[in-house]
Each structure stands twice: as structure tokens, then as C-alpha cells.
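What the coordinates show
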Amino acid sequence: MIELEALTKRFGAKTAVDNLSFQVKPGVVTGFLGPNGAGKSTTMRMMLDLDNPTSGTVRIDGKHYRDLSEPLKHIGALLDAKAMHGGRSAYNNLLCLAQSNRIPASRVGEVLDLVGLTAVAKKKSKGFSLGMGQRLGIAAALLGDPEILMFDEPVNGLDPEGILWIRNLMKGLAGEGRTVFVSSHLMSEMALTADHLIVIGQGKLLADMSMAEFIHQNSRSFVRLRSPQQEQLKDLLHAEGIAAAALPDSGALEVDGVASEQLGELAARHGIVLHELSPQRASLEEAFMRMTADSVEYQAHAPGAPAAGVGGQAGPADAPAWGAGAEATSKGGR
Amino acid sequence: MTGPATLPDQPPEQDPPLPETRPHLGHALASEWTKMVSVRSTLWTLGALVLLVVGIGLLAVGETNDPTGFTNPPHTAAAVFGLLVGQVAVIVLGVLTVTSEYATGLIRTTLTAAPDRARVLTAKYLVFAAVAFTVVSASVAVVGIASMIAVDSPQAHQTAGEWLAALTGCLYITLLGVLGLAIGAVVRHSAGAIAVMLGLVTLPPVVGGMLTMWDSLTPLGNLIIRYNAPVAIMQMFGLPTSEVGGLPGNWAQLALIVAVAGAAVAGSYAVVGRRDV
Ligand SMILES: Nc1ncnc2c1ncn2[C@@H]1O[C@H](COP(=O)(O)OP(=O)(O)OP(=O)(O)O)[C@@H](O)[C@H]1O
Ligand SMILES: [Mg+2]
């Protein structure tokens, strides 16, 4: 269990982590999500007592990190796969870590076996591929057989096989009752791995809820309509009090919160031809981007596209705000 | 630990479940020792040191067969030429002991495993100092003994006091490396720390000499000329440089480097202890 209380970190005038309070509980994979520069790595460094918080506290199993006598036996972390000495063999890189925590040398062979690096144990880690480096970092995290595991963007740059391996490893670790905390900026990846979500943007907490709850709240469903009589259709919907948004490029209309059957019947009754009547579901990625849109720090402004409509299939312009607090209403999901 | 049987697959005799004693300096020393012996830079720097001291030393021994041509120094003096160059290798090793961890990012892994930063630093200082002192004094001993065997002259000598002075010289060079390690820990950058150290070792004789060009600065210049690394090392190995009179004793030279290195070490504990990694 990791507990953060009003954790804040300022770098000069910049507030990287802003009054964060949350708990990471055992037995589940907790996803830590935020766009680039949101403060994920900074938060993790403070959890490990590498960076000093400007204010606030972190507790690991109720203790300050510095009071853990053999931290590797409580918490294992992968911050940066390259954080090893390239001139040292994989085995020696792990051995010096093991020695400082009174972990028997035999355990080094075990974890190397676990991550599939036994064959290159005596090779310098400098020559390792991205995936091998990541595996070595994970071996280091597993060295003390800790109850808490923390991974900062572990799937970055990995091939599908590597991603699957890490995903299963994390689920397996959580299944054994361990606390697994993993950061990512990819919602789609988290949707497959995490049971619980913590979303931050510009250092602030945006959401702290179970994955199921997040999906329920944020998978907005809507109906897309296309008609050669678009103006008539618009007028009709307006007359019926149904809000519709016109998509700028395709000329389609998007309607929130009304079932497709109802719309089809309505159009038929008024003799309007429909070329498309399709129920749609916004992706979680889109929901995540909407949630963090206001707090994205390094945003590319595509020419002509509004800053908020990051996703390709952006929703209606007058869609409800999916802002902080995650109290966004999603109606009409059938 | 919260969960049951945290380390089930470890041999029981190595993992006593309770009471959980804290790991101590010994474990940090073992870890640092592994780091020291498992990288190439250790081999390169110490190899260069041994080659320089023993190689140049033996050459010098070969040339001192005519004792009347020299001011009659002790046997170990033959090692000093190699040491004046080899001290750079010791300094580089001292710097790299800590800066390589910052350069690779390993320092984060290290401090995650051992959050007591003072203990990590202490282990680094002790392991480096022990290794450097051992290798430097062994190289000097090889040269001294070779000279005792090869140079057969009534004037040749090596008293116990001269052995002690030579050992003091080895300690002086080790402390230069310790100073390098301390500066490396503070600046976190190999090239920067090495540059600072090279300046500290090579500039004083030049600067001191230049200062004596002005009358008012001559006393300061003379002081610098007397108290600097090359002069101290030559003096401890029985080759007093006679340009300026009134050289301080060996112990004064040693006290100076102890004070300087000690201040830098204290500074490194203060800085590393509270800085963000
Ligand atoms: N040492 C530092 N000095 C100054 N600013 C920093 C420092 N470390 C981080 N920052 C700033 O703090 C903010 C948060 O950075 P952080 O690396 O924690 O983000 P992140 O969520 O991990 O991003 P990413 O997904 O890109 O890894 C950024 O704006 C970054 O520029
Ligand atoms: Mg990051």
C-alpha cells in the first residue's frame, strides 16, 4: 500500500505535482495516467525518496521510505531501463543491488531466469536491446520479491510480444496480492492492464476510480447521421429538441443521448432519406484525451483543428465538458 | 512487510525471517566492492598507474647505477616520476567511482535500494581509498625493493623513516583521489570534476611562480609554491625541490590535504544528502 498525502513538488516557478492525494492498494494493477509532462515520473521519484517533496508526504506500508531497512524487499521499481551501468554485466548489475539489501546471490540467477535473460547474464548490459534492457530493469525490481512494484512507462518502445509479456507479468503480480503501480500515457494500454485508474494532468488529480467506473462514465455513445437532406434533418431535430452537432469535414451529424431506433423512425415519419444511421462509441483514448485536454502541456496545434478536438472522430462541439472531478454525465448508453 | 512469506524461494539459512536486523555498512561495502571490480575503468586506471609507476620506476633504477651523479635519495624515490603522472589515474578513478553512476542514471537505482545516502557515500570512499592506497603503495614497494636489489652502492639507503615518508606520499595521492570523488559527487559530471582536479594539481606551481613576479604578491606565491601536490609528493619521496627554501614538513603537507579533502568530503555528504537525485 502506498499513500500520498497532499504531495506537491515545485521546480522553481513550475508546479510539477500539485497537492496529490491518493492511495495505491494491493491486489490490483493501478494505472497512473497522464499526458507527457503531467508529473508522473516526478511523483514516482518522490515515492522512492529520490526527489524531496516541496510539501506533503508519501508512506510505504505506513512508513517513510527512508525508514525501510531493506527497501528492495518492500518495493521494487523500474524508473528507467537504462539506469544500469552499461559496462557491467547483467549479473553484476543485479548483484551489487542484491548485496546492499542482503539478498542472497542465488536470487540474482532466479530473477534473470524469470525475465528470460539467463543466456546473456554475463554480457555487458550496454549491448542490450530496448526490450532486454527493460527486462533487466524489471529483474532489478523483482530482486527482493517485494510486495509493492512500481513501473514507469514499462512498455515504452517494446514490441507487441514484449508488451504482452509485461501486461501478463503485472496482472500475475497483482493476482498474487501485490500492489502494482504502473504509469503510462496510453489509455488503450491501461484499459487492458489496469483495474484501477489514477489520472493526473499538470500535476493535479483528475480521476481516481476503478477502470469499470471510468469506462462506464466515459465511454460516451452517440449516433451518427448522414442525409442528403441535411438541412431538413437539422431543422427536424431542432424542432424535436434534440441537440445535434455537425461534423465539419464529413457533413455528418452526431446526436447524443437518443437511441438510433428513435432517430430512424423520426426521419422515416418525416420522409427524410438517411444514408447513415450508426450508433457509435467513443474510445477510452478519446475520453482520456478529453479529460486531460485542458491540462496538456505540450500540445500540437494542427492547422484548422480546434485544440480540444484531439481525437480523429471528435464529438459534438457542444458536448458536455468532461472536465476535472469526473462528474461528466453520460446518457443514453444502452 | 505486509504479505505472508515474502521470500519463499530463498534458501532459509540466508534469509532469517526474524528479527529483521538492519543492513549495515558492511553490505554497502560489499556492493561498492562489486561495482569497483566489475567495470573496465578500474582496470584501465589502476593498470595505467601500475605501468607508469613500476615501468618508469624500473627505468630510473636502471639509470641510477652511478650514485655519485645524484643527490642520494632513498630507493623509493625512483617511483616518484611515475607517480607524478600516475596521480592523474588515481584522480580519474576517484571521480569515476561516483560520476559514472550519475552519467548512467544508476544512482537512482542505487539510492532506491539504499536510501541512506551517507552510508552509500561512506562505502564509496572506503572502498576507493582502500583500493587506491593498496595499489599505489604496492607499486611503490615494487620499485623500492627492485632498487634495493639492483643498486649496489654504499651511499644507497632506505631507512624506516624513509619508508614511512613514502607511505605518507601514497596516502597523499590516495587523498587526492578522495578529493576527486568528493568533487565528483558534488558536480555529478565526470569531465567537470576531472577538469577541476587537474587544475588543482597542475596550476599551483605555475600560478605560484607567476605571483612571485610582483613584489607584493611574492609571499603568497612562495606559499603556493611550497604547498602543492607535486611538491608535496616529491618531498615525501625524498626529492626536495630546492627552488624555495623553508619547505614545510611532510606532516604539514599531509595535514593540508587531509583538511582540504576532509572539507570536500563533508561538503559532499551535505549536498548529496538533501539534493534531488
Ligand atoms: N529536475 C527538474 N527540474 C525542472 N523541471 C522538472 C524536473 N523534472 C521534471 N520537471 C518538470 O516537471 C513536469 C513533470 O515532469 P515529469 O517528468 O514528472 O512528467 P511525466 O508525467 O513523467 O511525463 P512523461 O509522460 O513525458 O514521462 C514537466 O513539466 C517537467 O518539465
Ligand atoms: Mg515520465
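Each value, and the rule that gives it
Residues numbered from 1 in each chain as written. Chains lettered and ligands numbered in written order. Predicted model: local features only at pLDDT ≥ 70, side-chain atom pairs only at ≥ 80, totals over all residues. Heavy atoms only, no water. Domains from an automatic or database assignment. Salt bridge = Lys/Arg side-chain N within 4 Å of Asp/Glu carboxyl O. Helix = DSSP H or I, 4+ residues; strand = E, 2+ residues; numbered from the N terminus. Buried < 20%, exposed > 50% of the residue type's maximum accessible area, 1.4 Å probe, protein only. Pairing = 2+ DSSP bridges. Axes fitted to C-alpha atoms, helices over the stretch in contact; angles between N-to-C directions. Contact = heavy atoms within 4.5 Å. Buried area = accessible area lost by both parts, 1.4 Å probe. Near = heavy atom within 4 Å. Polar contact = N/O pair within 3.5 Å; in protein donor to acceptor, adjacent residues only side chain to side chain. Expected span 1.5 Å × (residues − 1). 1 Å grid on protein atoms, 1.4 Å probe; cavity = no way out; pocket = protein on both sides within 12 Å on 5 of 7 lines; lining within 4 Å. Points joined across faces, edges and corners; volume = space filled by probe spheres on them. Nonpolar A, V, L, I, M, F, W, Y, C, P; charged D, E, K, R; others polar. Left-handed = near helix turned anticlockwise from the far one by under 90°. Arc of directions from axis to C-beta.

Quick word on the domain arrangement of chain A
The assigned domain composition of chain A is domain 1 (2–216), domain 2 (221–281) and domain 3 (285–333). The C-alpha centroid of domain 2 of chain A is placed 47 Å from the C-alpha centroid of domain 1 of chain A.

Considerations on the pattern of salt bridges
Tallying each qualifying case throughout the model produces 18 salt bridges over all chains. With a closest N to O distance of 2.6 Å, Lys 9 of chain A and Asp 276 of chain B form a salt bridge. Residue Lys 9 of chain A is found in strand S1 (residues 2–11), and its partner Asp 276 of chain B is found in the segment after helix H10 (250–274); the two belong to separate chains. Its relative accessible area of 6% is what places Lys 9 of chain A among the buried residues. Its relative accessible area of 21% is what places Asp 276 of chain B among the partly exposed residues. The residue Asp 18 of chain A makes a salt bridge to Lys 204 of chain A at a minimum N-O spacing of 3.4 Å. Pair noted here: Asp 18 of chain A is in strand S2 (residues 14–24) and Lys 204 of chain A is in strand S9 (residues 204–210), with a separation of 186 residues, a long-range link. Given the relative accessible area of 25%, Asp 18 of chain A is considered partly exposed. In this structure Lys 204 of chain A comes out as partly exposed when scored by relative accessible area, which is 43%. Because the salt bridges share partners, they merge into one network encompassing Arg 224, Arg 226, Glu 254 and Glu 276 of chain A.

Here we look at the sheet that holds S9 of chain A
Residue and element names in this part refer to chain A. Spatially, six strands are ordered S5-S6-S7-S3-S8-S9 in an open sheet, and the strand pairing comes out mixed. The open sheet has two free edges, formed respectively by strand S5 (75–78) and S9, since each of these has just one partner strand. Taken pair by pair, the neighbouring strands of this sheet meet at an average axis angle of 15 degrees, ignoring direction. On top of the sheet, helix H4 (residues 130–142) reaches S5 and strand S6 (148–152); it is set at about 165 degrees to S5, its chief contact.

Regarding the interface of chain A and chain B
Counting residues at the interface gives 44 residues for chain A and 40 residues for chain B. In total, chain A and chain B occlude about 3,700 Å² of area from one another, counting both sides; carbon and sulfur atoms represent 52% of this. When the buried area of chain A at its contact with chain B is split by residue, Leu 50, Arg 88 and Arg 102 of chain A rank highest and sum to 17% of it. The tally of links between chain A and chain B comes to one salt bridge.

Things to note about unusual backbone geometry
Residues and elements named next belong to chain A. Although it is not a glycine, Arg 102 sits at a positive phi angle of roughly 55 degrees. A residue is classified by how much of its surface remains accessible, and Arg 102, at 24% relative accessible area, is partly exposed. The phi dihedral of Glu 153 falls on the positive side, at around 45 degrees, and the residue is not glycine. In this structure, Glu 153 sits in the loop between S6 and helix H5 (160–175). Among the residues examined, Glu 153 registers a relative accessible area of 14% and is labelled buried.

Let's talk about the site of ligand 1
All names here are of chain A. Around ligand 1, 16 residues are found, and the nearest of them are Lys 14, Gly 37, Lys 40, Ser 41 and Thr 42. Measuring from an oxygen atom of ligand 1, one finds a side-chain N or O atom of Lys 14 at 3.5 Å. Lys 40 places a polar main-chain atom, nitrogen or oxygen, 2.8 Å from an oxygen atom of ligand 1. Contributions of two or more residues to the shell around ligand 1 are made by S2 and helix H1 (40–47).

Quick look at the sheet that holds strand S4 (residues 55–60) of chain A
Pairing between sheet strands relies on hydrogen bonds along the backbone, with the strands arranged either parallel or antiparallel. Residues and elements named next belong to chain A. Pairing in this open sheet of three strands is antiparallel, and the strands run S2-S1-S4 from one edge to the other. Lying at the two open borders of the sheet, with one neighbouring strand each, are S2 and S4. Put simply, the sheet's adjacent strands are angled 20 degrees from each other on average, direction ignored. Across five bridges, the pairing between S1 and S4 is antiparallel. Residue pairing for S4: Glu 5 is matched across the bridge by Thr 57. Each of S1, S2 and S4 is contacted by H1, which is oriented at about 120 degrees to S1, the strand it contacts most.

Regarding the environment of Met 211 of chain A
Residues and elements named next belong to chain A. Mapped onto the elements of the fold, Met 211 is located in helix H7 (residues 211–218). Owing to a relative accessible area of 5%, Met 211 belongs among the buried residues under this scheme. Between the alpha carbons of Met 211 and Asp 113 there is a distance of 32 Å; along the sequence they are 98 residues apart. The contacts of Met 211, once residues within four sequence positions are left out, are Met 187, Met 190, Ala 191, Ala 194, Asp 195, His 196, Leu 197 and Leu 284.

Structural notes on helix H6 (residues 160–187) of chain B
All names here are of chain B. With 28 residues, H6 extends 41 Å between its outermost C-alpha atoms, agreeing within 8% with the 40 Å of an ideal straight helix rising 1.5 Å per residue. In terms of residue burial, H6 counts as a mostly covered element, since 20 of its 28 residues are buried. Looking one or two residues beyond H6, the residue adopting positive phi is Arg 188, at roughly 60 degrees.

Notes on empty space enclosed by the protein
Here the structure, examined in full by the defined rule, presents four cavities of 30 Å³ or more. The space that makes up the largest cavity amounts to roughly 140 Å³. Contributions of two or more residues to the lining of the largest cavity are made by helix H1 (25–37), helix H2 (40–63), helix H3 (80–104) and helix H5 (117–150) of chain B. When residues in the lining of the largest cavity are grouped by element, the largest group, five residues, is from H3 of chain B. By residue class, the composition of the lining of the largest cavity is five nonpolar, five polar and five charged. What the second largest cavity holds in volume is close to 80 Å³. Cys 96, Leu 97 and Ser 100 of chain A together with Ala 28, Ser 31, Glu 32, Lys 35, Thr 110, Ala 114, Val 120 and Ala 123 of chain B are the residues that line the second largest cavity.

Examining the packing of H5 of chain B against H6 of chain B
All names here are of chain B. Their axes nearest at 9 Å, the elements H5 and H6 cross at an angle of 145 degrees. For the element pair H5 and H6, the recorded crossing hand is right-handed. Tallied by class, the residues present in the contact of H5 with H6 amount to 21 nonpolar, four polar and one charged.

Points about helix H3 (residues 106–114) of chain A
Residues that lie three or four places apart on an α-helix share one face, since the helix turns once every 3.6 residues. All names here are of chain A. For H3, every residue scored as buried is listed here: Arg 107, Val 108, Val 111 and Leu 112. Along the axis of H3, the buried positions cluster into a sector of 140 degrees, meaning they face one direction only. On its buried face, H3 is in contact with helix H2 (90–100) and H4. Positioned one or two residues after H3, Gly 116 has a phi angle of 75 degrees, which is positive.

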